[in-house]
Amino acid sequence: MYQPQYEAMPRNELEGLQLERLRTVLRRVYDNVDFYRRSFDAAGVRPHADSLAEFASYPFTLKDDLRDAYPFNLFAAPLRDIVRVHSSSGTTGQITVVGYTRNDIDNWADLMARTIAAAGGTPDDIVQVTYGYGLFTGGLGVHYGSERLGCVTIPISGGNTKRQVQVLKDFGTTILACTPSYALLIGETAKEMGVDLSTTSLRAGIFGAEPWSENMRLQIQELLGIKAIDIYGLSEVLGPGVAAECSEQNGLHVNEDHFLIEIVDEQTLQPVHDGVYGEVVFTTLTKEGIPVIRYRTRDISRIIPGDCPCGRTSKRMERVTGRSDDMIIVRGVNVFPTQIEQVLTGIPGVAPHYQVILGKKGAMDTVEVHVEVAPDMNFDEIRGLETLQHRVRAEIQSALAVSIAVKLVEPKSIERSEGKAKRVVDLRGKQQGA
Amino acid sequence: MIEQVSVFLENKPGHLAELTRALANAGINLRALMLADTSQFGVARIICDHPHAAKAVLDSAGFGVSITQVLAVEIPDTPGGIADVLDVLGRAGVNVEYAYAFVEPGQNAAVDIFKVDDPAATEALTVAGINVIAPDRLYAVDTVA
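The following paragraphs examine the structure supplied in this document. Just so we're clear, the structure is a prediction, and the values are computed from it rather than from any experiment.

About the cut-offs
Residues numbered from 1 in each chain as written. Chains lettered and ligands numbered in written order. Predicted model: local features only at pLDDT ≥ 70, side-chain atom pairs only at ≥ 80, totals over all residues. Heavy atoms only, no water. Helix = DSSP H or I, 4+ residues; strand = E, 2+ residues; numbered from the N terminus. Rg over C-alpha atoms; globule rule 2.2 N^0.38 Å. Buried < 20%, exposed > 50% of the residue type's maximum accessible area, 1.4 Å probe, protein only. Contact = heavy atoms within 4.5 Å. Areas by Shrake-Rupley, 256 points an atom, 1.4 Å probe, with all protein chains shown as cover. Pairing = 2+ DSSP bridges. Axes fitted to C-alpha atoms, helices over the stretch in contact; angles between N-to-C directions. Phe/Tyr/Trp six-rings, centres within 6.5 Å; stacked < 30°, edge-to-face > 60°. Lys NZ or Arg CZ within 6 Å of the ring centre and 35° of its normal.

### As for the overall build of chain B
Here's step 1: Across its full length, chain B holds five helices and six strands.
Here's step 2: Going from N to C terminus, chain B has its helices and strands arranged as β-α-β-β-α-β-α-β-β-α-α.
Here's step 3: Scaling as 2.2 N^0.38, a compact globule of 145 residues should have a C-alpha radius of gyration of about 15 Å, and chain B matches this with 16 Å.
Here's step 4: On the principal axes, the C-alpha backbone points of chain B span a range of 45 × 35 × 30 Å.
Here's step 5: Among the 145 residues that make up chain B, the fraction classed as buried is 44%.
Here's step 6: Considering only intrachain contacts with a sequence separation of at least 6, the fraction spanning at least 24 residues in chain B is 69%.
Here's step 7: As displayed, chain B offers around 6,800 Å² of accessible surface, 51% of which is attributable to carbon and sulfur atoms.

### As for the side chain of Asn-255 of chain A
Here's step 1: Structurally, Asn-255 of chain A is set in the loop between β9 (252-254) and β10 (259-264).
Here's step 2: The residues contacting Asn-255 of chain A, other than those within four sequence positions of it, are Leu-111, Arg-114, Gly-241, Val-242 and Ala-243 of chain A.

### Regarding the sheet that holds strand β4 (residues 64-76) of chain B
Here's step 1: Taken in spatial order, the six strands of this open sheet run β2-β3-β1-β4-β6-β5 (chain B), and their pairing is antiparallel. Both edges of this open sheet fall to β2 (30-37) and β5 (96-103) of chain B, since each of them pairs with a single strand only. On average, each strand axis in the sheet is inclined to that of its neighbour by 30 degrees, with strand direction left out of account.
Here's step 2: One ladder, built from seven bridges, connects β2 of chain B with strand β3 (residues 41-48) of chain B; its direction is antiparallel. Residue pairing in the sheet places Ala-32 of chain B in a bridge with Ile-47 of chain B of β3 of chain B.
Here's step 3: Against the sheet, helix α12 (residues 382-400) of chain A makes contact with β1 (2-10), β2, β3 and β5 of chain B, and its axis sits at roughly 155 degrees relative to β3 of chain B, the strand it touches most.
Here's step 4: Packing against the sheet, helix α1 (residues 15-25) of chain B makes contact with β1, β2 and β3 of chain B, and its axis sits at approximately 140 degrees to β1 of chain B.

### Considering the sheet that holds strand β21 (residues 424-426) of chain A
Residue and element names in this part refer to chain A.
Here's step 1: If you trace the four strands from one edge of the open sheet to the other, you get β20-β19-β18-β21, paired in mixed fashion. Strands with a single pairing partner mark the edges of an open sheet, and in this sheet they are β20 (405-409) and β21. Recorded for the sheet is a direction-independent mean angle of 20 degrees between the axes of neighbouring strands.
Here's step 2: Relative to β21, strand β18 (residues 350-361) runs parallel, the two being bridged by three bridges. What sits directly across from Ile-357, in β21, is Val-425.
Here's step 3: In the packing of helix α11 (residues 337-344) onto the sheet, contacts are made with β18, β19 (364-373) and β21, and the angle to β18 comes to roughly 140 degrees.
Here's step 4: Against the sheet, α12 makes contact with β18, β19 and β20, and its axis sits at roughly 135 degrees relative to β20, the strand it touches most.

### A word on unusual backbone geometry
Leaving glycine out, the prevailing phi sign among residues is negative, and the prevailing peptide bond configuration is trans.
Residue and element names in this part refer to chain A.
Here's step 1: Between Tyr-70 and the following residue, Pro-71, the backbone shows a cis peptide bond with an omega angle of -5 degrees.
Here's step 2: Position of Pro-71 relative to the elements: it lies in the loop between α5 (63-68) and β1 (82-87).
Here's step 3: In this model, Leu-269 sits at a positive phi of 65 degrees, which is unusual for a non-glycine residue.
Here's step 4: You can call Leu-269 partly exposed: its relative accessible area is 22%.

### Details of the packing of aromatic side chains
Residues and elements named next belong to chain A.
Here's step 1: The full count for this structure, using the stated rule, is 13 aromatic pairs over all chains.
Here's step 2: Pairing Tyr-131 with Phe-136 gives two aromatic rings, centres 6.3 Å apart and planes at 55 degrees, and the pair type is tilted.
Here's step 3: Classification of Tyr-131 by relative accessible area gives buried; the value is 4%.
Here's step 4: Given a relative accessible area of 25%, Phe-136 falls into the partly exposed group.
Here's step 5: On the numbers, 6.1 Å between centres and 35 degrees between planes, the contact of Tyr-232 with Phe-282 is tilted. Of this pair, Tyr-232 sits in strand β7 (residues 227-234) while Phe-282 sits in strand β11 (residues 278-284), placing them 50 residues apart in sequence.
Here's step 6: Under the relative-accessibility criterion, Tyr-232 is labelled buried at 7%.
Here's step 7: Overall, Phe-282 belongs to the buried group, its relative accessible area being 0%.
Here's step 8: Linked through ring pairs, Tyr-30, Phe-35, Tyr-36, Phe-40, Phe-55 and Tyr-58 together constitute an aromatic cluster.
Here's step 9: Of note, Arg-296 hangs over the ring of Phe-60, and the distance from its end group to the ring centre comes to 5.8 Å.
Here's step 10: One residue, Arg-319, lies across the ring of Trp-212, its end atom 4.8 Å from the ring centre.

Pasting the structure below:
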């Protein structure tokens, strides 16, 4: 543990610390941000909660509130105290901007040092930071944490996959940090280059920024010969460093001394008990630049009940398998792309690269899943290919409970992403009544 | 048995042209090209002068490619030529999965390609006096990896 005094703090002390920090942040936003002053006043709540339970009646903050505040209107510190800005990736519309004070950057480095240490990292490690550097929080977030922990930090950023493999091999990288889909591409590229990653020093990966399935984890672990650790964060709350798995790989420890996590029912928005699925809501407890109060992440997860053998006392959230923004509603059924991924990784003959094409035929939504055939398939046997196509279709349909079409596409024909993979192409708006 | 290059093809305009252009740019000469298609995709089957080089070229161009062992038989240009061959295969209990034919320039016989499920087919045909074509007559065997 990088900071055992916080990571393994007794629960009652931790909750006391949370309440104390919560009071500070409520006062900070009420005094400095018009939006919060208006929303607290409108809801009739005071900028001072007597208990964490009382806090559950405070109003939520939505992604749209951050969009409306573009670029700096939710900042709770004057710009002269802000030392850095980042923004969301804008995958779901207008980008949102977040600002960090010097203290925020300092805390963030600690939290990312915790994350790398929880994945087994020590100052002896060499961390290849393949997340993008720039407005995206991934690159610089991991970078500062890696330096804070004392690792050799390779700021290679994303892209140029062959060079990634070369550097990984030549520099003796021990920990790789990137999106899970890019980790797979690095693994495939290494194979094509004749580099056997199991003979390199690489032993762990910290992967996040997009939802991924357990099967994909197993596939990455096998392809790269490493332990694949899930990390979680979002720019609106911090960036990477909000929660991360330990080497138990059973749920992500939330850094509760800095973030208050709530799980709320998606319909009623009331808090649910530990163990029950719902939308994840975060309140930042220490952030100065842009604190958020009860921010609805759209991510679906639950708190895993019970203690973790690693000794950390923090609550664990289950890996996020779907963001309600990624959720597709097809003929009234909720579908998460990760469900498709989970099926594909279990079928030999296809690669875990896919794209979901949504269309319309009359009033009906159509779903066509494009799936890459594995390069070592026997391409002469039409019957074999047809059997494969039928199997993929049947298994996806049974997992999703929605009828779909499957199109087998050529190996490597689906565009590889160096950041977040684009899994869904929605043409429904363009094909009305076609 | 000779080596045929089998290529998976999505149904999209211009795709077969890309495939043949890739081979042409690599100086590979096609002797026969047969297309099989389903509603969703096609398979192109190719006999060419350098099958392994062709596979390498198409692999790197992003196609799905396999090398398939097939039987090449010389069939005289007379009525009943192909029926005689199929009779022999039938008596030997060999199933034919698909077949196609091409004619070499200046020859009086056709070359028929058979995909069979039993390697014993070659011997059955040879015993029956049918001319099974050796690889070196159709392509450069020295390119075999």
